[in-house]
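Architecture at a glance
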Amino acid sequence: MPENLAKNPTPTAVTLVAGNAYQKWRLVKDSLVRYGVIVGGLSVIVAIVLIFFYLLYVVLPLFASAKANSIAEYVLPEKTLGKTVLLETEEQNEVAARFTDTGQVVFFEVATGKTILTQGIAIPEGIHITSFAQGSDISQGGVAYGLSDGKAIVVKHQYKITYPNNQRLITPSLNYPLGQQPLVIDEAGSPLEKIAVKVESDKTILVAKIADKVHLVSFAQEKSLFANEATITRTSAVLDASAKAIVDLLIDKDDNQLYLMDNEGLLSAYDIRDKAAPKLKHQQNVIEAGQTVTSLTFLNGDISLLVGDSSGLVSQWSQVKNELKQLVFKKIRSFKVSDKAVVAVESEQRRKGFMAVDAAGTVGLYNSTAERQLIKEHIGTSQPIAAVLSPRSNRLLLETGDEKIHVWNVDNEHPEVSIKSLWQKVWYESYPKPDYIWQSSSASNDFEPKYSLVPLVFGTLKAAFYAMLVAMPLALMGAIYTAYFMAPQMRQVVKPAIELMGALPTVILGFLAGLWLAPFIEKHLAGLFLSLISLPIAVLLFAFLWQFLPKTLRQKIPEGWDAAILMPVIVIVSWLAFTISVPLEAYLFHGSLRDWFSHEFGIGYDQRNALIVGIAMGFAVIPTIFSIAEDAIFSVPKHLTVGSLALGATTWQTMTKVVLLTASPGIFSAVMIGLGRAVGETMIVLMATGNTPVMDFSVFQGLRTLAANVAVEMPESEVDSTHYRVLFLTALVLFIFTFVFNTLAEVIRQRLREKYSSL
Amino acid sequence: MIASWFKSGTPWIWFNAAAVSACLIMIIGVLGLIIVRGIGHFWPAEVARINYQEADGQVKTLFGEIIDTSITPAAIAKTSGFKMADNEDTLVQHQVKTGNRDITGVDFRWLQERNIKDQAFPGDIMVVERREWGNFYGQLVAVKENGATLASHEQAWTVAQAKIADTLKVYSEITHLEKKEIGAINYSLEKLRLKQRKLELKNRLDDSARSAIENENAGLKTQYEQYQTQLKDLYQKVRSASLVAKTDSGAEVVIPLSKVVRIYQPNSMGLLDKVAHYFNKLGEFLTDDPREANTEGGIFPAIFGTVMMVMIMSVIVTPFGVIAAVYLREYAKQGFITRLIRIAVNNLAGVPSVVYGVFGLGFFVYILGGNIDRLFFPESSPAPVFGTPGILWASITLSLLTLPVVIVATEEGLARIPKSIREGSLALGATKLETLWRTVLPMASPAIMTGLILAVARAAGEVAPLMLVGVVKLAPTLPLDGNLPFIHLDRKFMHLGFHIYDVGFQSPNVEAARPLVYATALLLVLVIIGLNLTAIIIRNNLREKYRALEG
């Protein structure tokens, strides 16, 4: 402790008599408190830095690149049972299944490749499998085998989870939703060359290519209430797709559409809502000349198709309405995997992403919305045979020609976010053209989240702009008058009154704006405009006439009380304006001004719009700007103004040429701080706008700001999800925005204070 | 002449003056609007009987309060689809609160004045405030108990009043039983469950512990059964009586007394009755629980939650704010570091409040709270204790938000204390700490108080961050009650500001809830303006005092 005392920079008289323990204790206390206070003082900086870094810490994973690493590699289990036609894994990444071309299903452990169970599909004697397909809506787990006698078998692979001894146990099994008997597709008994299936709990649809025809057969199961037996109704139809070499068939998840792809890249869409009478909707070539289609699959949600071709390109095609309101296929975007042919494209099951594998074993992971290549790895040394991405997209299995299975771990938490998806136009599914859209969440898994921050930033700036438009003139002019012209007695009342206005909770301003002002302005829009026009004229007129009043009357009102005299004038004139406007509006516009705007200019009117926000938020920002600007003007050193006046300048000249110039940095910082407040204000915009994230410059339209968006969506977002982090990102954007403005304003004010004190 | 007048700059000065006037008018207007609307809410409005010709030509009788009138010019009315005769210049419409939502499906109607055949305020129209479905307007026919008529016509009114008083008494017993006694039992049961789970987790749940817990459990259960039978009796008592009333369409309806809060006949009330009614309603507003999804009844839990949150916040923010201000004024050398701190303080003041909410939710709730749960409350997992928004986190978040207010006010107070006082103390041999503790801080205490009051005013009106860190629409229990440990910092709470937002914008029947929102807004505004005025007065007194000291 004595060393500490020696360092004490303010030695007091006490040091001299610090003999006994009590004196020592006093000094120890003194220095302890000193350090305590220093820590306390610095903690303010710590707090602001902590906020920043914490926000950053949550946001950063959004931009971290995805990673993949090999975790296992083993010999193909039960390789004698035939070639793999499909690899599958279940939810927990513990069990995988290998479907072979001989109708065997091998379930094995993902981690080790150890066989758990092998089961065969019951195929009648003398018949062999001619085609195989995975059912659409992969999560249902259905697959179909096409047989050489015109029949098909539908099988589901299922995984039951039990917890014996508190340990998770996953038991795989096969079941036949339509019975073990093969289903008749083609009565003539020709082999099914290609097959597609869609399995639902009460309905199964099979499409098969048989010779030069495409058969569509649907089986509807109806369970009667009492019997266990289900009656199956069969509907069938033949598509007129003759003479085309069909290479791929796909049914979408609502079984509204059937897609056929021929070997030349001609994609046809059929309307199959009526299972008995499918109709060709349109067809189009989706591939460049000289290339062939090597893979066709749906992107999650079954709205877009992913077409892999022999040039190593995967392109996303979607049906979009063209100028003539006809549905056509449009290429939304494409991804270059490599120069080798794409051999497999596997969609993620819960996101708009997919995995593409090329002939050389290059595996790429992509996200379609963000147009991002997340991972590109070279796996294995020989030609890939089959590949699968697990349902949670965190594991991938690849079988290679050298009879090996490679298991990779995939760490890909936030693929939907890229600079492009946040800040640029993105062509979302089911939209006619690329656009900026914020639409963050929905109940279903196959929803495409739309995280464009542009509409929110636009809304924020729009709201702030209108608020500043209202607040700046009123606050700055008010500050000039209060600081320089107003009588001191009145100033003593006015300044606290306006500052009190700043203390009003914004929730109350928002509530009044939303529930009182918005309906009022909707009714009296013309009155608002009329008073905006008439008030300045009235003030000017009043001021002009004022000088003609008899001196005796004028002298009764001391100098600097003009604002008080003007109050009744303003009240009366605006009341008149609002009253007259109603019949005037009816006379001039034959109805309301609102209707006139929408008829004449097509400007729609939202009850809660930017105008309301401008007025309400302007009200909230006025005190901030007023107070700081008034301080800056009021503390302009007196000798400057007195000097100017002594040289013969009028008070107004002194004001504009001396006072305002000197105080301009202070006024600037007042505006900055006001702007910061307007940008971050939450409750007013939340309550006074419709909170629709539209991008419309019209003052009569609503908006959604960053702050209101956080307040609306944060409580519902799942912790650490992409949505959660994107909301933190918007908070960080707000933080940085206001930080820049506030720091700038504070530095300017500090400079100004120094300048004043040196003057 | 005009040119020289413009050159003199006088018009511009007038314009500037007009800006000040406009600001003043705006603030007076806003305050006036809230006061007028808020004060009027509890006054018993007269209920009119209106004979109204419907669109199909039929004349119907309606009971209702006329609450708003709109006048539309004929041209505009025509565009919105009204048929207007040539001699009509305007369309006058009245908004009438007709109540009886359970019968007609709507609370409000717009009536065209030209179709109102006649209008009167008969004394026998009765308003029934109900626990469900909002107000009922009608005429009392009879009072019944267990199917038998107790009184009808003239006598019915007094009998009904007496019966309602009885029922309300029983009702308050029911609430006491349900909330206090059974609530306490439920709380103890939950505690027992957690205790058992805790022992289980520690592998110390032996037979003796288990039987002790089971014993206690059984005791509580029997107690619970007792209360249940008591409750059953009380409910039976409450449900026995009912009112028979005639609606405006002449139909008779039965309203069980258990659903009635109060009845009154506004048209036959004298001024004194009305004043009494007013204060009765005001009292209910301030001290009762809300009813009907917060749109009726009182706001006591919201007041309580706000006050408690603000108090916890004060305890946290005052020491930090004062220490930071003391550092800035008394310890730090004015230079780069103090500049940096001032920038930080200004930024803390300028960061949007919703960002604090986001920070509070992520850092305090999920990180701090989540870890506290993991360390101290493993038994209640997966239900979070502190790992979910609650009053503690809300208070801490708001203390961060209001820190700059305290710092700035305290610093200003410290700056005003003359140097001579510190020097005098130091010269007499006091250490710096002693100088600070014995002379400087006591002198600055009014300034600290000012800062604290301003912080409280700010916190009381802040809503956006609270929406993320602990405020809820309806909290089943207060964060302070008779169950150990009395203060429950992990609970969620209600807040006046959020109440305004929620009832005004999220409630299913905004129109009916609006008067209540005005009343709540008035209360909040009064509290905040009161706090601010107090702060201003303290500050002014302080300034006077130091001016005297310096002189």
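By the naming in an unreviewed UniProt entry, chain B is Phosphate transport system permease protein PstA, taken from Methyloglobulus morosus KoM1. Quoted verbatim from the Sequence similarities (unreviewed entry) heading of the UniProt record, the comment on chain B is "Belongs to the binding-protein-dependent transport system permease family. CysTW subfamily."

Per an unreviewed UniProt entry, chain A is named ABC-type transporter, integral membrane subunit, and its organism is Methyloglobulus morosus KoM1. Under the UniProt heading Subcellular location (unreviewed entry), the entry covering chain A gives this text: "Cell membrane". For the record of chain A, the UniProt heading Sequence similarities (unreviewed entry) holds the text "Belongs to the binding-protein-dependent transport system permease family."

Right, let's get into the overall build of chain B. Counting secondary structure elements, chain B contains 16 helices and 13 strands. For 551 residues, the compact-globule estimate of 2.2 N^0.38 gives 24 Å, and the C-alpha radius of gyration of chain B, at 31 Å, exceeds that figure by more than 25%. For chain B, the spread of C-alpha atoms along the three principal axes comes to 105 × 90 × 45 Å. Out of the 551 residues in chain B, the part that is buried amounts to 40%. In chain B, 69% of the contacts between residues at least 6 apart in sequence involve partners at least 24 apart.

Let's shift gears to the domain arrangement of chain B. Residue and element names in this part refer to chain B. According to the domain assignment, chain B contains domain 1 (138-264) and domain 2 (300-550). Using C-alpha coordinates to define each centre, domain 1 is positioned 39 Å away from domain 2. Contact residues are listed per partner, giving eight residues for domain 1 and six residues for domain 2.

Further remarks concern the interface of chain A and chain B. Taken residue by residue, the interface counts 90 residues in chain A and 83 residues in chain B. For the side of chain A that touches chain B, the element with the highest residue contribution is helix α2 (residues 21-59) of chain A, accounting for 18 residues. Looking at the side of chain A that touches chain B residue by residue, the classes come out as 64 nonpolar, 19 polar and seven charged.

Residues and elements named next belong to chain A. Strands sit in the order β19-β20-β21-β22 across an open sheet of four strands; the sheet is antiparallel. The strands lining the two open edges of the sheet, one partner per strand, are β19 (293-298) and β22 (327-336). Adjacent strand axes in the sheet meet at a mean angle of 25° when their direction is disregarded. Direction of pairing for strand β20 (residues 304-309) relative to strand β21 (residues 313-321): antiparallel, over a ladder of five bridges. Across the sheet, the residue bridging to Leu 305 is Trp 317, located in β21.

Here we take up the sheet that holds strand β24 (residues 353-358) of chain A. All names here are of chain A. Here four strands make up an open sheet; going across it, the order is β23-β24-β25-β26 and the pairing antiparallel. Strand pairing shows two members of the sheet lacking a second neighbour, β23 (342-347) and β26 (372-378), which therefore form its edges. Ignoring which end each strand starts from, the neighbouring axes of this sheet average 15° apart.

All right, on to the packing of α2 of chain A against helix α10 (residues 353-376) of chain B then. At a closest axis distance of 10 Å, the pairing of α2 of chain A and α10 of chain B adopts a crossing angle of 75°. By the criterion of interaxial angle, the relationship of α2 of chain A to α10 of chain B is roughly perpendicular. Judged by residue contacts, Ile 51, Tyr 54, Leu 55 and Val 58 of chain A of α2 of chain A engage Phe 359, Gly 362 and Phe 363 of chain B from α10 of chain B. Looking at the contact of α2 of chain A with α10 of chain B residue by residue, the class counts come to six nonpolar, one polar and no charged.

Right, let's talk about helix α15 (residues 496-506) of chain B for a bit. In an α-helix, one turn spans 3.6 residues; hence positions three or four apart end up facing the same way. The element α15 of chain B is extensively covered by neighbouring structure, given that nine of its eleven residues are classed as buried. Of the residues making up α15 of chain B, those classed as buried are Leu 496, Gly 497, Phe 498, His 499, Ile 500, Tyr 501, Asp 502, Val 503 and Gly 504 of chain B.

Our focus in this paragraph is the nonpolar core. Core analysis: the largest hydrophobic core is formed by 223 residues, its most contacted members being Ala 467, Val 613, Ala 616, Ile 625, Ala 629 and Ile 684 of chain A. When sequence neighbours within four positions are dropped, the list of residues in contact with Ile 684 of chain A reads Thr 506, Leu 509, Gly 510, Ala 513, Val 613, Ala 616, Met 617 and Ala 620 of chain A.

Residues and elements named next belong to chain A. Taking the numbering used here, the UniProt-annotated feature "transmembrane region" (unreviewed entry) corresponds to residues 32-60, 463-485, 497-518, 524-549, 561-589, 609-629, 658-679 and 724-745. Helix makes up 91% of residues 497-518 and strand 0%, whereas the separation of the span's terminal C-alpha atoms amounts to 25 Å. Its end C-alpha atoms 32 Å apart, residues 658-679 is made of 100% helix and 0% strand.

A few words now on the UniProt feature "domain: ABC transmembrane type-1" (unreviewed entry) in chain A. According to UniProt, the feature "domain: ABC transmembrane type-1" (unreviewed entry) maps to residues 457-745 of chain A in the numbering used here. Secondary structure across residues 457-745 of chain A divides into 79% helix and 0% strand, with the first and last C-alpha atoms of the span separated by 22 Å.

Here the focus is the UniProt feature "transmembrane region" (unreviewed entry) in chain B. All names here are of chain B. UniProt's feature table lists "transmembrane region" (unreviewed entry) at residues 12-36, 299-328, 348-370, 390-410, 440-460 and 516-538, given in the numbering used throughout. Within the segment residues 348-370, helix and strand shares are 91% and 0% respectively, and the terminal C-alpha atoms sit 25 Å apart. Secondary structure across residues 390-410 divides into 95% helix and 0% strand, with the first and last C-alpha atoms of the span separated by 29 Å.

Residue and element names in this part refer to chain B. As paired strands, strand β6 (residues 125-130) and strand β7 (residues 136-145) are joined by four bridges and run antiparallel to one another. Among the inter-strand pairings, Met 126 is bridged to a residue of β7, identified as Gly 138. Between β6 and β7, which pair antiparallel in sequence order, lie five residues; one of them, Trp 133, sits at a positive phi of approximately 70°. Where β7 and strand β9 (residues 241-246) come together, six bridges link them in antiparallel fashion.

The subject of this paragraph is the UniProt feature "coiled-coil region" (unreviewed entry) in chain B. Mapped onto this numbering, the UniProt entry gives "coiled-coil region" (unreviewed entry) at residues 210-237 of chain B. Secondary structure across residues 210-237 of chain B comprises 100% helix and 0% strand; the distance between its end C-alpha atoms is 41 Å.

The next subject is the pairing of strand β1 (residues 48-53) of chain B. Residue and element names in this part refer to chain B. Alternating residues of β1 divide into Ala 48, Ile 50 and Tyr 52, all buried, and Arg 49, Asn 51 and Gln 53, none buried. When β1 meets strand β2 (residues 59-73), the two strands line up antiparallel, connected through six bridges. For Asn 51, the partnering residue across the bridge sits in β2 and is Thr 61. Two successive antiparallel strands, β1 and β2, enclose a turn made up of five residues, where Gly 57 displays a positive phi of approximately 95°. Sheet topology places β1 next to strand β5 (residues 116-120); four bridges connect them, and they run antiparallel.

Parameters and conventions
- Residues numbered from 1 in each chain as written.
- Chains lettered and ligands numbered in written order.
- Predicted model: local features only at pLDDT ≥ 70, side-chain atom pairs only at ≥ 80, totals over all residues.
- UniProt positions renumbered as here; feature names shortened; annotations may be inferred.
- Helix = DSSP H or I, 4+ residues; strand = E, 2+ residues; numbered from the N terminus.
- Rg over C-alpha atoms; globule rule 2.2 N^0.38 Å.
- Buried ≥ 20, exposed ≤ 12 C-beta atoms within 10 Å, placed from the backbone.
- Contact = placed C-beta atoms within 7 Å.
- Domains from an automatic or database assignment.
- Nonpolar A, V, L, I, M, F, W, Y, C, P; charged D, E, K, R; others polar.
- Pairing = 2+ DSSP bridges.
- Axes fitted to C-alpha atoms, helices over the stretch in contact; angles between N-to-C directions.
- Parallel < 35°, antiparallel > 145°, perpendicular 65-115°, else oblique.
- Core = buried A, V, L, I, M, F, W, Y, C linked by C-beta atoms within 7 Å.

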